[in-house]
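Structure assessment
Next come the chains, spelled out residue by residue.
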Amino acid sequence: MDETAKETLRQAALFYHEHPKPGKLEIRATKPLANGRDLSRAYSPGVAEACLEIKENDENAARYTAKGNLVAVVSNGSAVLGLGNIGALASKPVMEGKAVLFKKFANIDCFDIEVNESDPEKLADIVCALEPTFGAINLEDIKAPDCFIVEQLCRERMNIPVFHDDQHGTAIVVGAAATNALHVAGKDWGDIKVVSTGGGAAGIACLNMLLKLGVKRENVWLCDIHGLVYEGRTEDMNPQKAAFAQASDKRTLDDVIEGADLFLGLSGPGVLKPENVAKMAKRPIVFALANPTPEIMPDLAREVAPDAIIATGRSDFPNQVNNVLCFPFIFRGALDVGATEINDAMQVACVEGIAALARATTSAEAAAAYSGEQLTFGAEYLIPKPFDPRLSGVVSTAVAQAAMKTGVAKRPLADLNAYKQKLDASVYKSALLMRPVFQAAQTASRKIVFAEGEDERVLRAAQAILEETTEQPILIGRPDVIGRRCERMGLNISPEKGLQIVNPENDPRYRDYWGSYHELMARRGVTPDLARAIMRTNTTAIGAVMVHRGEADSLICGTFGEFRWHLNYITQMLGSERHRPNGALSMMILEDGPLFIADTHVWSLPTPEQLAETAIGAARHARRFGVEPRIAFCSQSQFGNQTEGSGKRIREAMALLDEMRTDFQYEGEMNVDAALDPELRDRLLPGGRLEGPANVLIFGHADAASATRNILKMKAGGLEVGPILMGMGNRAHVVTPGITARGLLNMAAIAGTPVDHYG
């Protein structure tokens, strides 16, 4: 990187930390504090009740305070990243960053605590005194050997987990990567020779982890800046290094590297030379983890050992050994069972969980976050990526289970499967609400045809459908293209394995398909030649014909293109007296629950009859998600204060619903704030028939509905499920180009649920 690029990066990093407000953290209240009543509960006198409950039983602190989900990230700044002993204050940006990672990856709250104390025993005293505040302690960036002393004293004296991430977090991820590297290389723990450079905290912890996993002590050769750690050496020694001393007259890395299966570097740049790698065993495993410059660059290692399996600490090479794969999830599992410590069994469970995930099919979310990278298990993909959302459920559950089995869990879980589902739901925001839909979909095995079958998101969704549902995906696309893309993405599906394909360029049913299309459209200007052309080029029309002919139960289309263009072909083939579009419904999953928005796509300026139909369909779909509908018709008009426009049409729609004697709550016309704020609504219209905040908003104009949907998605962090095409008997759905693979899986579950003809 040239100097200009370095300066640009430096300025960008500084701007990131300074704006829009300094730092990376803030504290937010989790309870309302809007009036005197709230204040009397949050503080005096109500707070005394919580205090007395905790005085009666310490464990009540986890019920009535944030302690059970609060971690302290503690450092004295004596060994910060590659910056050395920069002091406690200068370490604060790093500790804030660590706290952000806890929150992002495991929803754990953190305080970063920087302590001006270099004496390890005094530092331990300070940390121990913090126990009443926190559910766990993460020690960070404390130099060796002081870190060993601090951690040991804290673990002996504290009844909450104490974890030095630089040691054990690194060791766990190294253990997972090494587990899978041996799997790829066809080697066993008990047979391998390990050579390591760097006798610091991380290096020693990694070697201890390898011993726990099965490496023999006599097969470990540790070198530091002074050469081999051997029996009788006195220079720069400590008990942790001495545990790995070899009875040998060899003295240098070059002396001991002969025949090594695994090189583990946690030292400095350029320590391992190509000639050293050439002396290693066949299919050598090289973990060069020094940052930012590894012990050997991957290209140099491969020049002498083309079959080498290589990991580094850098994100710009495959197999980045990154502690974020471990520490959020090991703490998550420990906190959730009230563990008193993080023991060896919990650490090994973490290793096994991480390693197993890499061997499984790559998640669509990880693939989206790392677009362009090869994420297929093998030498280039030994461990999962940090943004793989499965880490939370798999690893935290394994850790919690290990804590329970070893007797260190004060609050054991009754149902581990339910716990994993809860964790998955916190990552996949749609998971909890989608559960009843997925359960309903399990009752019938339906065929779902995807019009854009070559799209990467569709392929990943198809993989997930086969793994998670009883549905059968059918993809419209060219088999050779689908096969190449499945192979490139590391999916274990293909046209030859698990996938049904309709090839628009060459399918034996082509004559039947264009014949069916022409039969329906002959009186609407479609000639046989045009029907043939459409059945060669228009995948939405092909999918609609398949549903019409009964070869598929539902069509999903729209990953590219305009909504009404797709809807036109759906209506042509599948519309009838019983089946006609009556609105598009989007479920927006927000922090405080779901909010349904309609009609976002079908009717630009809906009539009263269309508004009423949309309300009926929205109520039915809300109940499919386990939500009792409370519908607000939204308009610029507020309870009759404008005589014309959308307000008039909404009033007429409500009159129609009144005549139908429907079984759901609805009210209108009103502004959105009145819909969502019952107190405001009651001031404007006392005694209205809507109770509580509305959870379904139906707009008198598609522009308003679409704008609301997009604002909630882009600015409020809402996750969209939909749009759901109502009125078509669940025979077709048109998604939008911004949909994700997970969103397509959700839509497939919706399409896979049998419904009555209203849909």
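Scroll up for the structure.
The following refers to the structure shown. Please read all numbers here as calculations on a predicted model, not as lab measurements. (Residues numbered from 1 in each chain as written. Predicted model: local features only at pLDDT ≥ 70, side-chain atom pairs only at ≥ 80, totals over all residues. Heavy atoms only, no water.)

Right, let's talk about empty space enclosed by the protein for a bit. Under the defined criterion, the tally for this structure stands at one cavity of 30 Å³ or more. Quantified by volume, the largest cavity comes out at close to 40 Å³. What lines the largest cavity is simply Val502, Asn503, Pro504, Asp507, Tyr510, Tyr513, Met535, Arg536 and Ile542. Broken down by secondary-structure element, the contributors of at least two residues to the lining of the largest cavity are helix 22 (510–521) and helix 23 (528–537). (1 Å grid on protein atoms, 1.4 Å probe; cavity = no way out; pocket = protein on both sides within 12 Å on 5 of 7 lines; lining within 4 Å. Points joined across faces, edges and corners; volume = space filled by probe spheres on them. Helix = DSSP H or I, 4+ residues; strand = E, 2+ residues; numbered from the N terminus.)

Another aspect to go through is the environment of Asp682. Residue position: Asp682 is located in helix 29 (residues 678–684). When the C-alpha atoms of Asp682 and Gly692 are compared, they prove to be 9.9 Å apart, with ten residues separating the residues in sequence.

Within soluble globular proteins, side chains that are nonpolar generally end up buried alongside one another. With 100 residues, the main nonpolar core has Ile137, Phe287 and Ile354 as its most contacted residues. In terms of residues, this core owes the most to one element, helix 8 (residues 165–185), which gives ten residues. Other than its neighbours up to four places away in sequence, Ile354 contacts Ile172, Ala176, Leu325, Cys326, Ile383, Pro384, Leu391 and Val395. The next biggest cluster of nonpolar side chains, apart from the first, holds 56 residues, and it includes Val458, Leu459, Met489 and Ile724. (Core = buried A, V, L, I, M, F, W, Y, C linked by side-chain atoms within 4.5 Å. Buried < 20%, exposed > 50% of the residue type's maximum accessible area, 1.4 Å probe, protein only. Contact = heavy atoms within 4.5 Å.)

Moving on, we come to the packing of helix 15 (residues 344–359) against helix 17 (residues 390–405). Contact pair helix 15 / helix 17: the axes reach a minimum separation of 8 Å and the direction vectors enclose 150°. With respect to helix 17, the axis of helix 15 lies roughly antiparallel. Note that helix 15 runs across helix 17; the crossing there is right-handed. Of the residues in helix 17, those in contact with Ala345, Met346, Ala349, Cys350, Gly353, Ile354 and Leu357 of helix 15 are Arg390, Leu391, Val394, Val395, Ala398, Val399, Ala402 and Ala403. Taken together, the residues of the contact of helix 15 with helix 17 break down into 13 nonpolar, one polar and one charged. (Axes fitted to C-alpha atoms, helices over the stretch in contact; angles between N-to-C directions. Parallel < 35°, antiparallel > 145°, perpendicular 65-115°, else oblique. Left-handed = near helix turned anticlockwise from the far one by under 90°. Nonpolar A, V, L, I, M, F, W, Y, C, P; charged D, E, K, R; others polar.)

Our next topic: the side chain of Ser196. Secondary-structure assignment places Ser196 in strand 5 (residues 194–197). Sequence-distant contacts of Ser196, defined by excluding residues within four places in its chain, comprise Leu207, Trp221, Leu222, Cys223 and Leu264.

Between its first and last C-alpha, helix 25 (residues 563–574) extends 16 Å over twelve residues, near the 16 Å set by a 1.5 Å rise per residue. Among the residues of helix 25, Phe563, His566, Leu567, Tyr569, Ile570, Gln572, Met573 and Leu574 are the ones counted as buried. Against the buried residues of helix 25 lie helix 22, helix 24 (539–549), strand 14 (554–557), strand 15 (584–590), strand 20 (719–725) and strand 21 (732–734). Among the residues of helix 25, the N-terminal cap falls to Glu562, whose side-chain oxygen and the backbone nitrogen of Arg564 are separated by 2.9 Å. (Expected span 1.5 Å × (residues − 1). Polar contact = N/O pair within 3.5 Å; in protein donor to acceptor, adjacent residues only side chain to side chain.)

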